[in-house]
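Next come the chains, spelled out residue by residue.
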Amino acid sequence: MQKKDIFVSDEELNVQRDFAQKVKEIANKKYGRPKANIRTFGCQQNVADSQRIMGMLKDMGYDFVDNSDDADLVIFNTCAVREHAEDRVFGNVGTLVHLKRRKPNTVIGLCGCMMQQEHISKRIKRSFPHVDLVFGTHVVHKLPEMLFKVLSGQGRIFENPDIDGVIAEKIPQVNDSKINGWLPIMYGCNNFCTYCIVPYVRGRERSRNPEDIIADLKEMVANGIKNITLLGQNVNSYDGGITFAELLRKCNEVDGDFVIRFMTSHPKDCSEELLYAMAECQKVEKHLHLPVQSGSSRVLKAMNRHYNRENYLSLVDKAKELMPDLMLTSDIIVGFPSETYEEVKETISLIEKVRYQSLFTFIYSKRKGTPAAEMPDDVSSTEKGKRFRELLAVQEKISEEICKEQVGKTYRVLVEETSRIKGNLYGRTLNNFIVEFEGSEDLVGKFAEIKITSGDTWIIKGKLKG
Ligand code: SF4
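Residues numbered from 1 in each chain as written. Predicted model: local features only at pLDDT ≥ 70, side-chain atom pairs only at ≥ 80, totals over all residues. Heavy atoms only, no water.

### Here we look at the overall build of the chain
Thinking step 1. Along the backbone of the chain there are 14 helices and 19 strands.
Thinking step 2. By the compact-globule yardstick of 23 Å for 466 residues, the chain fits well, its C-alpha radius of gyration being 23 Å.
Thinking step 3. On the principal axes, the C-alpha backbone points of the chain span a range of 65 × 60 × 50 Å.
Thinking step 4. A buried classification covers 55% of the 466 residues belonging to the chain.
Thinking step 5. Long-range pairs, those at least 24 residues apart, make up 75% of the contacts in the chain between residues at least 6 apart in sequence.
Thinking step 6. Accessible surface computed for the chain: about 20,500 Å², of which carbon and sulfur atoms make up 50%.
Thinking step 7. Here the chain contributes 67 positively and 66 negatively charged side chains, and the mean placements of these two sets differ by 4 Å. (Helix = DSSP H or I, 4+ residues; strand = E, 2+ residues; numbered from the N terminus. Rg over C-alpha atoms; globule rule 2.2 N^0.38 Å. Buried < 20%, exposed > 50% of the residue type's maximum accessible area, 1.4 Å probe, protein only. Contact = heavy atoms within 4.5 Å. Areas by Shrake-Rupley, 256 points an atom, 1.4 Å probe, with all protein chains shown as cover. Lys, Arg positive; Asp, Glu negative; His and termini not counted. Charge placed at Lys NZ, Arg CZ, Asp CG, Glu CD.)

### Concerning the site of the ligand
Thinking step 1. Taken together, Cys-189, Asn-191, Phe-192, Cys-193, Tyr-195, Cys-196, Val-198, Pro-199, Gln-233, His-266 and Arg-305 make up the full set of residues near the ligand.
Thinking step 2. Partitioning the shell around the ligand into residue classes produces seven nonpolar, three polar and one charged. (Near = heavy atom within 4 Å. Nonpolar A, V, L, I, M, F, W, Y, C, P; charged D, E, K, R; others polar.)

### Description of the packing of helix H2 (residues 10–31) against helix H6 (residues 143–151)
Thinking step 1. Contact pair H2 / H6: the axes reach a minimum separation of 7 Å and the direction vectors enclose 35 degrees. Both H2 and H6 take part in a crossing whose hand is left-handed. Residues Glu-12, Gln-16, Phe-19, Ala-20, Lys-22, Val-23, Ile-26, Ala-27, Lys-30 and Tyr-31 of H2 lie in contact with H6, whose contacting residues are Leu-143, Pro-144, Glu-145, Leu-147, Phe-148 and Leu-151.
Thinking step 2. Looking at the contact of H2 with H6 residue by residue, the class counts come to eleven nonpolar, one polar and four charged. (Axes fitted to C-alpha atoms, helices over the stretch in contact; angles between N-to-C directions. Left-handed = near helix turned anticlockwise from the far one by under 90°.)

### Thoughts on the sheet that holds strand E7 (residues 180–184)
Thinking step 1. Reading across from one edge, E7-E10-E11 is the order of the three strands in this open sheet, with parallel pairing throughout. With one partner strand each, in any of the chains shown, E7 and strand E11 (259–263) form the two edges of the open sheet. The mean inter-strand angle of the sheet, taken between neighbouring strand axes irrespective of direction, is 25 degrees.
Thinking step 2. Where E7 and strand E10 (residues 227–231) come together, five bridges link them in parallel fashion. (Pairing = 2+ DSSP bridges.)

### Describing the pattern of salt bridges
Thinking step 1. This structure, assessed with the given rule, holds 27 salt bridges.
Thinking step 2. For Arg-33, the salt bridge is made with Asp-63, and the minimal N-O distance between the two is 3.0 Å. Taken together, the positions of Arg-33 in the loop between H2 and strand E1 (35–40) and Asp-63 in strand E2 (residues 63–64) put the pair 30 residues apart, joining distant regions of the chain.
Thinking step 3. Judged by its relative accessible area of 51%, Arg-33 falls in the exposed class.
Thinking step 4. One salt bridge in this structure joins Arg-412 and Asp-257, with 2.5 Å as the shortest N-O distance. With Arg-412 in strand E15 (residues 410–418) and Asp-257 in the loop between helix H9 (244–253) and E11, the pair connects residues that are 155 residues apart, well separated along the chain. (Salt bridge = Lys/Arg side-chain N within 4 Å of Asp/Glu carboxyl O.)

### Section: the sheet that holds strand E13 (residues 327–334)
Thinking step 1. Strand order in the open sheet made by the three strands is E12-E13-E14, with parallel pairing throughout. Looking along the sheet, the strands with just one partner apiece sit at the ends: strand E12 (287–289) and strand E14 (358–363). Sheet twist, expressed as the mean angle between neighbouring strand axes with direction ignored, is 10 degrees.
Thinking step 2. The pairing of E12 with E13 spans three bridges and is parallel. Bridging across to E13, His-289 finds its partner in Thr-329.
Thinking step 3. Running at roughly 175 degrees to E14, helix H14 (residues 381–404) makes contact with E13 and E14 of the sheet.

### Here's the deal with the nonpolar core
Thinking step 1. Core analysis: the biggest nonpolar cluster contains 81 residues, and Phe-244 and Met-278 have the highest contact counts within it.
Thinking step 2. Here this core gathers at least three residues from each of two domains, domain 2 (180–404) and domain 3 (410–464).
Thinking step 3. With residues near it in sequence (within four places) discarded, Met-278 still touches Leu-248, Phe-262, Val-284, Glu-285, Lys-286, His-287, Leu-288, Met-323 and Leu-326.
Thinking step 4. Core analysis: the second largest hydrophobic core is formed by 33 residues, Ala-36, Leu-57, Leu-151 and Ala-168 among them. (Core = buried A, V, L, I, M, F, W, Y, C linked by side-chain atoms within 4.5 Å. Domains from an automatic or database assignment.)

### Focus on unusual backbone geometry
Thinking step 1. Cis geometry is found at the peptide bond from Met-263 to Thr-264, where omega equals 5 degrees.
Thinking step 2. Position of Thr-264 relative to the elements: it lies in the loop between E11 and helix H10 (272–280).
Thinking step 3. Located in the positive-phi region is Lys-170, a residue other than glycine, with phi close to 60 degrees.
Thinking step 4. Here Lys-170 lies in the loop between strand E6 (157–159) and E7.
Thinking step 5. One non-glycine residue with positive phi stands out, namely Ser-338, at about 75 degrees.
Thinking step 6. Topologically, Ser-338 is positioned in the loop between E13 and helix H13 (341–354).
Thinking step 7. For Ser-338, a relative accessible area of 31% corresponds to the partly exposed category.

In structure tokens:
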């Protein structure tokens, strides 16, 4: 596909705006002021998609409610990463049948990664007749047209084309947060890790143009957003005519007092150029989420990760050399097919070498549609549980040590929220520590200097500097 063909044309977007006007008229007649309930499952990419869905709905005259019972339109934005999460979605969709019986005019829609899979949309069509609208990840921008078809009585709509994916710019967004902004810089994934469904449901990698990203970033900053996360399945392979490192430098040049975070990084594409950019850009976080998945080179090969233990460790050494305050976090899968206990020990020794700030550890479970699902799932669930707990215990000790090492340091934190315990605030440092301290609520959304006085396992505590 030519780069220009990836972008949805202005004509197509204008067609959608016309449909949005028509929906507004029909929905107003049908419901008075229409109300929508949007429920989001899964990752931050889905959160960003839901913000665009809400932006388009707002333009179509919809208000938003927290409860599906009060809504004229219910949309579940679903996740396909774990099979048991899919089962939960089926359960939730099943219960909406009562709502449809009580209020037959309510439109029920399903979208997201789960709906991009053909066998899922077929099952919905067959077994859930109360669902009116199913759309995949590549046609989110066509929501006005699809909703128009449903509201004008053209029957149930199922749209999940099996294509490499597109980029639709200038879609309005609704962001409920006054502090956090999610900014997609690219979509899709080309990596085909053997356990992962994402490349099959999000299409091939495609990068937004830097000018569009910077324009969105400036708008967020102008709206007072202070914590901006650049999103992509593998941001390190961003290719918008410039590299990801160059994009970070451009973001850093935007005027304003804000923090730039990013996720997710793939170790095989994490370049020294990127590490230098992180070190030199003062608005860019000094935190690197670098999913390792396993400490065994053999298992990494079976996962199709395209790096080995040694490459990974030398990358970590270089990153720490350039950024002494850098904190690393990671994802780990335990119990991958054929993983031996010796290989788990290799993962543990890697964890001890890297000294992660925290870890997201997952117990391997088969994901239908991935190459790993064809491999024998030969580690018993008892053994998986044992390995999981062993890893967790090692990590907990390291996390606690790292938190205690912060005592006496002073950090600039972005104050993100108040705790339920009256008077306490939570903020985050540039290197990803959560800091708890006493202070007044009007500090939320601002930066504060905090002297660290103690450290627990996952959190550090401190005092506001006068
Ligand atoms: S890099 Fe691997 S794990 Fe990440 S989304 Fe792509 S295929 Fe999945």
